[in-house]
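Observations on the model geometry
This is what each chain is made of:
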Amino acid sequence: MTGERLRFDGWIAGVGTASGTRLVVGHWPRSPFGAFSDVMVEYPDGVRVLLAPSRRIADFVAATYRFDRIEVVPVIVTVADDIWLVEAGPLRLRLRTGRRSALGLLLSAVPAPLARSPLWAALCDGPARLLMPGVRTLGRAGPGRREWYGARGLRPVVAADAVLDGAGLGRLAPLDPPVAFGFGSAPRRPSLVRVTTTVELSTAGR
(Lines give C-alpha, C1' and ligand atoms only; values in the text may rest on other atoms or scores of the structure.)
Protein backbone atom coordinates (compact mmCIF):
# COMPACT_ATOMS: atom_id res chain seq x y z
CA MET A 1 0.00 0.00 0.00
CA THR A 2 1.46 3.34 -1.04
CA GLY A 3 1.29 6.51 1.01
CA GLU A 4 0.51 10.07 0.02
CA ARG A 5 2.59 11.35 -2.89
CA LEU A 6 3.68 14.98 -2.96
CA ARG A 7 4.95 16.32 -6.30
CA PHE A 8 7.27 19.25 -6.90
CA ASP A 9 7.68 20.49 -10.47
CA GLY A 10 10.48 22.87 -11.34
CA TRP A 11 14.26 23.15 -11.59
CA ILE A 12 17.34 22.18 -9.58
CA ALA A 13 20.62 24.04 -10.13
CA GLY A 14 23.81 22.59 -8.66
CA VAL A 15 27.17 24.37 -8.73
CA GLY A 16 30.55 24.12 -7.09
CA THR A 17 32.88 27.06 -6.39
CA ALA A 18 36.63 27.51 -6.10
CA SER A 19 36.22 28.06 -2.34
CA GLY A 20 34.93 24.51 -1.95
CA THR A 21 31.40 25.61 -1.03
CA ARG A 22 28.73 23.83 -3.07
CA LEU A 23 25.23 25.21 -3.73
CA VAL A 24 22.00 23.48 -4.77
CA VAL A 25 19.04 25.71 -5.66
CA GLY A 26 15.51 24.35 -5.92
CA HIS A 27 13.00 26.51 -7.80
CA TRP A 28 9.46 25.10 -7.61
CA PRO A 29 6.68 27.00 -9.43
CA ARG A 30 4.30 24.09 -8.71
CA SER A 31 4.26 22.26 -5.39
CA PRO A 32 1.92 21.27 -2.53
CA PHE A 33 3.18 24.42 -0.75
CA GLY A 34 2.59 26.72 -3.71
CA ALA A 35 5.45 28.35 -5.61
CA PHE A 36 8.69 28.60 -3.63
CA SER A 37 12.46 28.34 -3.87
CA ASP A 38 15.06 27.05 -1.43
CA VAL A 39 18.83 26.70 -1.27
CA MET A 40 21.01 23.96 0.19
CA VAL A 41 24.58 24.95 1.04
CA GLU A 42 27.46 22.62 1.89
CA TYR A 43 30.63 24.26 3.18
CA PRO A 44 34.14 22.83 2.57
CA ASP A 45 34.15 21.35 6.09
CA GLY A 46 30.94 19.41 5.35
CA VAL A 47 28.54 21.62 7.31
CA ARG A 48 25.15 21.56 5.56
CA VAL A 49 22.78 24.53 5.74
CA LEU A 50 19.20 24.91 4.46
CA LEU A 51 17.93 28.35 3.44
CA ALA A 52 14.12 28.11 3.29
CA PRO A 53 11.42 30.78 2.86
CA SER A 54 9.06 29.61 5.64
CA ARG A 55 9.06 27.41 8.73
CA ARG A 56 6.53 25.05 7.13
CA ILE A 57 8.74 24.47 4.10
CA ALA A 58 11.86 24.26 6.26
CA ASP A 59 10.28 21.55 8.43
CA PHE A 60 9.23 19.50 5.40
CA VAL A 61 12.61 19.75 3.64
CA ALA A 62 14.50 19.02 6.87
CA ALA A 63 12.41 15.87 7.37
CA THR A 64 13.35 14.74 3.85
CA TYR A 65 17.06 15.68 3.75
CA ARG A 66 19.87 16.12 6.28
CA PHE A 67 21.16 19.48 7.55
CA ASP A 68 23.32 20.78 10.36
CA ARG A 69 21.62 24.18 10.43
CA ILE A 70 18.37 25.66 9.12
CA GLU A 71 17.74 29.35 8.38
CA VAL A 72 14.29 30.72 7.52
CA VAL A 73 14.97 33.68 5.21
CA PRO A 74 13.40 35.28 2.12
CA VAL A 75 14.38 33.30 -0.98
CA ILE A 76 13.84 35.02 -4.32
CA VAL A 77 14.73 33.57 -7.73
CA THR A 78 14.52 35.75 -10.84
CA VAL A 79 14.92 34.25 -14.31
CA ALA A 80 15.62 36.26 -17.47
CA ASP A 81 16.50 34.15 -20.52
CA ASP A 82 19.72 32.30 -19.57
CA ILE A 83 20.41 34.33 -16.40
CA TRP A 84 19.26 33.15 -12.96
CA LEU A 85 19.53 35.48 -9.96
CA VAL A 86 19.14 33.97 -6.48
CA GLU A 87 18.80 36.02 -3.28
CA ALA A 88 18.51 33.95 -0.11
CA GLY A 89 19.38 35.57 3.21
CA PRO A 90 23.22 35.69 3.30
CA LEU A 91 23.55 34.37 -0.29
CA ARG A 92 23.65 36.25 -3.59
CA LEU A 93 24.09 33.98 -6.63
CA ARG A 94 24.09 34.73 -10.35
CA LEU A 95 24.08 31.83 -12.83
CA ARG A 96 24.31 31.74 -16.62
CA THR A 97 23.18 28.63 -18.46
CA GLY A 98 24.36 27.32 -21.81
CA ARG A 99 22.68 25.43 -24.62
CA ARG A 100 21.10 22.05 -24.10
CA SER A 101 23.32 19.05 -24.75
CA ALA A 102 22.22 15.95 -26.63
CA LEU A 103 21.20 14.43 -23.29
CA GLY A 104 19.25 17.57 -22.45
CA LEU A 105 17.36 17.35 -25.74
CA LEU A 106 16.60 13.69 -25.08
CA LEU A 107 15.30 14.40 -21.58
CA SER A 108 13.06 17.21 -22.86
CA ALA A 109 11.12 14.58 -24.82
CA VAL A 110 10.13 12.67 -21.64
CA PRO A 111 6.34 13.02 -21.15
CA ALA A 112 5.23 14.49 -17.82
CA PRO A 113 3.25 11.37 -16.74
CA LEU A 114 6.31 9.20 -17.33
CA ALA A 115 8.52 11.55 -15.30
CA ARG A 116 6.21 11.06 -12.32
CA SER A 117 6.46 7.26 -12.40
CA PRO A 118 8.62 5.43 -9.81
CA LEU A 119 9.10 2.63 -12.33
CA TRP A 120 10.62 5.10 -14.79
CA ALA A 121 12.87 6.47 -12.04
CA ALA A 122 14.02 2.94 -11.22
CA LEU A 123 14.77 2.28 -14.89
CA CYS A 124 16.81 5.51 -15.15
CA ASP A 125 18.75 5.02 -11.92
CA GLY A 126 21.42 2.73 -13.38
CA PRO A 127 22.18 4.85 -16.48
CA ALA A 128 22.18 8.02 -14.32
CA ARG A 129 24.80 6.55 -11.98
CA LEU A 130 26.92 5.49 -14.97
CA LEU A 131 26.68 8.76 -16.91
CA MET A 132 26.78 11.12 -13.89
CA PRO A 133 28.52 9.51 -10.89
CA GLY A 134 26.87 10.49 -7.62
CA VAL A 135 23.46 11.05 -9.20
CA ARG A 136 20.58 8.82 -8.09
CA THR A 137 17.00 8.96 -9.32
CA LEU A 138 15.28 7.19 -6.42
CA GLY A 139 15.94 6.22 -2.84
CA ARG A 140 14.95 6.61 0.80
CA ALA A 141 14.49 10.20 1.94
CA GLY A 142 14.22 10.62 5.68
CA PRO A 143 12.34 8.31 8.05
CA GLY A 144 9.29 6.79 6.37
CA ARG A 145 9.81 8.60 3.07
CA ARG A 146 10.69 7.52 -0.44
CA GLU A 147 11.67 9.93 -3.19
CA TRP A 148 12.22 9.81 -6.92
CA TYR A 149 13.26 12.25 -9.64
CA GLY A 150 12.09 12.45 -13.22
CA ALA A 151 14.43 14.67 -15.26
CA ARG A 152 12.81 16.50 -18.17
CA GLY A 153 15.62 18.75 -19.31
CA LEU A 154 19.27 19.57 -18.69
CA ARG A 155 21.42 22.62 -19.37
CA PRO A 156 25.02 23.28 -18.34
CA VAL A 157 25.76 26.17 -16.01
CA VAL A 158 28.61 27.98 -17.77
CA ALA A 159 29.22 30.89 -15.37
CA ALA A 160 28.47 31.69 -11.75
CA ASP A 161 29.16 34.51 -9.31
CA ALA A 162 28.33 33.88 -5.65
CA VAL A 163 28.68 35.88 -2.44
CA LEU A 164 27.90 34.19 0.89
CA ASP A 165 28.10 35.95 4.26
CA GLY A 166 29.75 38.89 2.52
CA ALA A 167 32.59 36.84 0.98
CA GLY A 168 33.00 35.89 -2.67
CA LEU A 169 33.10 32.13 -3.29
CA GLY A 170 35.39 32.28 -6.31
CA ARG A 171 35.04 30.96 -9.82
CA LEU A 172 32.65 28.25 -10.98
CA ALA A 173 33.94 24.74 -10.26
CA PRO A 174 32.72 21.14 -10.40
CA LEU A 175 30.32 20.08 -7.67
CA ASP A 176 33.00 17.99 -5.97
CA PRO A 177 32.97 16.32 -3.53
CA PRO A 178 29.33 15.33 -4.02
CA VAL A 179 26.85 17.05 -1.70
CA ALA A 180 25.51 14.94 1.17
CA PHE A 181 22.00 16.22 1.80
CA GLY A 182 20.22 13.03 0.80
CA PHE A 183 20.63 9.70 -0.99
CA GLY A 184 22.19 11.26 -4.09
CA SER A 185 24.07 14.32 -5.32
CA ALA A 186 23.52 16.82 -8.09
CA PRO A 187 25.66 16.24 -11.23
CA ARG A 188 29.39 16.89 -10.83
CA ARG A 189 29.28 19.21 -13.82
CA PRO A 190 27.43 22.43 -12.85
CA SER A 191 23.95 21.98 -14.27
CA LEU A 192 20.37 23.19 -14.33
CA VAL A 193 17.94 20.26 -14.40
CA ARG A 194 14.26 20.49 -15.26
CA VAL A 195 12.71 17.94 -12.94
CA THR A 196 9.60 16.49 -11.36
CA THR A 197 10.35 15.34 -7.81
CA THR A 198 7.96 13.03 -5.95
CA VAL A 199 8.10 12.41 -2.21
CA GLU A 200 6.02 9.49 -0.97
CA LEU A 201 5.05 9.51 2.70
CA SER A 202 4.54 6.19 4.43
CA THR A 203 1.01 5.48 5.63
CA ALA A 204 2.36 5.07 9.17
CA GLY A 205 3.95 8.51 9.08
CA ARG A 206 0.89 10.42 7.93
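For the structure, see preceding data.
Bear in mind that the values here come from a model prediction, so they are computed numbers and not experimental data. (Residues numbered from 1 in each chain as written. Predicted model: local features only at pLDDT ≥ 70, side-chain atom pairs only at ≥ 80, totals over all residues. Heavy atoms only, no water.)

Time to look at the nonpolar core. One finds Phe8, Met40 and Val61 to be the most contacted residues of the largest nonpolar core, which totals 28 residues. Elements with a minimum of two residues in this core: β1 (5–17), β2 (22–30), β3 (36–42), β4 (48–52), α1 (55–64), β10 (145–164) and β13 (191–201). Setting aside residues up to four positions removed in sequence, Val61 forms contacts with Asp38, Met40, Leu50 and Phe67. Among the nonpolar cores identified, the runner-up in size contains 23 residues, and Ala13, Leu93, Ala162 and Leu192 belong to it. (Core = buried A, V, L, I, M, F, W, Y, C linked by side-chain atoms within 4.5 Å. Buried < 20%, exposed > 50% of the residue type's maximum accessible area, 1.4 Å probe, protein only. Helix = DSSP H or I, 4+ residues; strand = E, 2+ residues; numbered from the N terminus. Contact = heavy atoms within 4.5 Å.)

Sheet topology note: the strand β8 (residues 91–97)/β10 ladder contains seven bridges and is antiparallel. Paired with Arg92 across the bridge in β10 is Val163. Inspection of the sheet shows strand β9 (residues 138–140) paired to β10 by three bridges, in the antiparallel sense. Bridging from a neighbouring strand, Gly139 pairs with Glu147 of β10. Linking β9 back to β10 in an antiparallel pair, the connection comprises four residues, with Gly142 at a positive phi of about 75 degrees. Where β10 lies against β13, 11 bridges are found, and the strand directions are antiparallel. Bridge pairing in β13 places Arg146 opposite Glu200. With two bridges connecting them, β10 and strand β11 (residues 167–168) associate as antiparallel partners. (Pairing = 2+ DSSP bridges.)

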